[in-house]
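The lines below spell out each chain.
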Amino acid sequence: MSSIAPSKSTIRTRLLNGQTGDPALLVTLRWQGRAFLIDLGRIDRTPAATLLRIERVFVSHTHMDHFMGFDQLLRLFLARDATLRLYGPTGIADCVQGKLAGYTWNLTDEYQFAIEVTEIGAELVSWRFAARTKFAREPLGAPAPFAGVVFSDRVCTVEAAPLDHKVVSMAYAVTEHAHLNVRPEALAASGLRPGRWLNELKNAIRSGAAGTTPIEVAPDDRRTVAALRDALLTVTPGQKVAYAVDTLFSPANAAKIVRLAGDADVFYCESPFLEADLEQATRRYHLTAGQAGALARAAGARRLQVFHFSPRYEGRYGELVAEAQAEYSGVRVHYGELDRRHAALP
Ligand SMILES: [Zn+2]
Ligand SMILES: [Zn+2]
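In what follows, the accompanying structure is described.

Conventions we followed
Residues numbered from 1 in each chain as written. Chains lettered and ligands numbered in written order. Predicted model: local features only at pLDDT ≥ 70, side-chain atom pairs only at ≥ 80, totals over all residues. Heavy atoms only, no water. Helix = DSSP H or I, 4+ residues; strand = E, 2+ residues; numbered from the N terminus. Buried < 20%, exposed > 50% of the residue type's maximum accessible area, 1.4 Å probe, protein only. Contact = heavy atoms within 4.5 Å. Core = buried A, V, L, I, M, F, W, Y, C linked by side-chain atoms within 4.5 Å. Donors = N, O, S within 2.8 Å, 3.2 Å for Na, K, Ca; no water. Tetrahedral: all angles 85-135°; square planar, octahedral: opposite > 155°, others 65-115°.

### Section: the environment of Asn199
Residue placement: Asn199 occurs in helix 6 (residues 196-206). Its relative accessible area of 47% is what places Asn199 among the partly exposed residues. Along the primary structure Asn199 and Ser126 are separated by 73 residues, whereas in three dimensions their C-alpha atoms are 32 Å apart.

As structure tokens, then:
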């Protein structure tokens, strides 16, 4: 059997403004020295050295508390030879363009900095704004089909799901690929010579190929992916971080959130209101703490981190956390219907 190593925390996450400040979740890919940011509320209390590691920003929507940090990031990156990549719902390129139009750019024609913006809608549509051209908006490539994944490289995949907040509020999940390591002693004992087939094997596993897929390990010697994996590899599952904010608790939204946050190691979920203020939460297209707990429980998330509290509860924030955790852990199951409905999903 292949060994399943205990999962190491290779993704680190931190809410830059804690549970009560503007949403901005730093996701650091630990061995890579790079980071993503999910949402772009105010970030002026975070050191520049931390912010400069950010290479991609995933924005839920452009209400001010989720997007006002754009200016500060721009200021930090402007003189750098870097490209900042921004993702958000359809319309975000207009918002970026509008922000850029608020400044004077007569001395930036030798700057290398550029912003690439990808709008997530029925398709992924990308635009480029370069300092060199006074941030004139240019189309970037042809639109790409969108089927849930907005970004993927050899380390991780980022998925998005559009939620209803009276505007689209995009939820995100970052999933690190499983680590596949060859066990040297097992390889030596197998008598097989290392070669390109090892990469073929890893690629087959990463792309979800069937266990019966043949791999040619030597001339006229084919073995199945499953047999090679079990005999030679250590598989360490990757981490998953999910994030959902500013959303109505509707059946459609709940189904999307439960799917996106499924089996997450940590699920960051807004919980601005107490259940006692359900009517207010619904009117404002936001979740209650109890609803956040129910979504995390139905998703099977291993940990729930609630945040984005309404300032009306100042001095009582502990009540929001307690209500969410009680619902999440099943101490008080008010939204059991959600689990039953989810269990019935294919
Ligand atoms: Zn909002
Ligand atoms: Zn908000």
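### Brief notes about helix 10 (residues 289-299)
Of all 11 residues in helix 10, 11 are buried; the element is thus mostly enclosed. The set of residues buried in helix 10 consists of Ala289, Gly290, Gln291, Ala292, Gly293, Ala294, Leu295, Ala296, Arg297, Ala298 and Ala299. Summarising the contacts, the buried residues of helix 10 are in contact with helix 8 (251-260), strand 19 (266-270), helix 9 (278-283), strand 20 (304-307), helix 11 (317-329) and helix 12 (336-343). The positive-phi residue at the C-terminal boundary of helix 10 is Gly300, with phi of around 70 degrees.

### With respect to the nonpolar core
Among soluble globular proteins, nonpolar side chains are generally buried collectively. Counting 35 residues, the largest nonpolar core has Phe267, Leu295 and Leu304 as its most contacted members. Elements with a minimum of two residues in this core: strand 12 (156-164), strand 13 (168-176), strand 18 (240-244), helix 8, strand 19, helix 10, strand 20 and helix 11. The element that contributes the greatest number of residues to this core is helix 10, accounting for 7 residues. If we ignore the near neighbours within four places in the chain, the residues touching Phe267 are Ala242, Tyr243, Ala244, Ile257, Ala261, Leu295, Ala296, Ala301, Arg303, Leu304 and Gln305.

### Some details on the coordination of the zinc ion (ligand 2)
Taken together, the protein donors to the zinc ion (ligand 2) comprise Asp65 (OD), His66 (NE2), Asp246 (OD) and His308 (NE2), at separations of 2.1 to 2.7 Å. What the 4 donor atoms of the zinc ion (ligand 2) show is an angle range of 85 to 151 degrees at the metal, which sorts the shape as irregular. In primary sequence terms, the donor set of the zinc ion (ligand 2) follows D-H-x179-D-x61-H. A separation of 3.8 Å is found between the zinc ion (ligand 2) and the zinc ion (ligand 1), which are bridged by Asp246. Judged by its relative accessible area of 24%, Asp65 falls in the partly exposed class.

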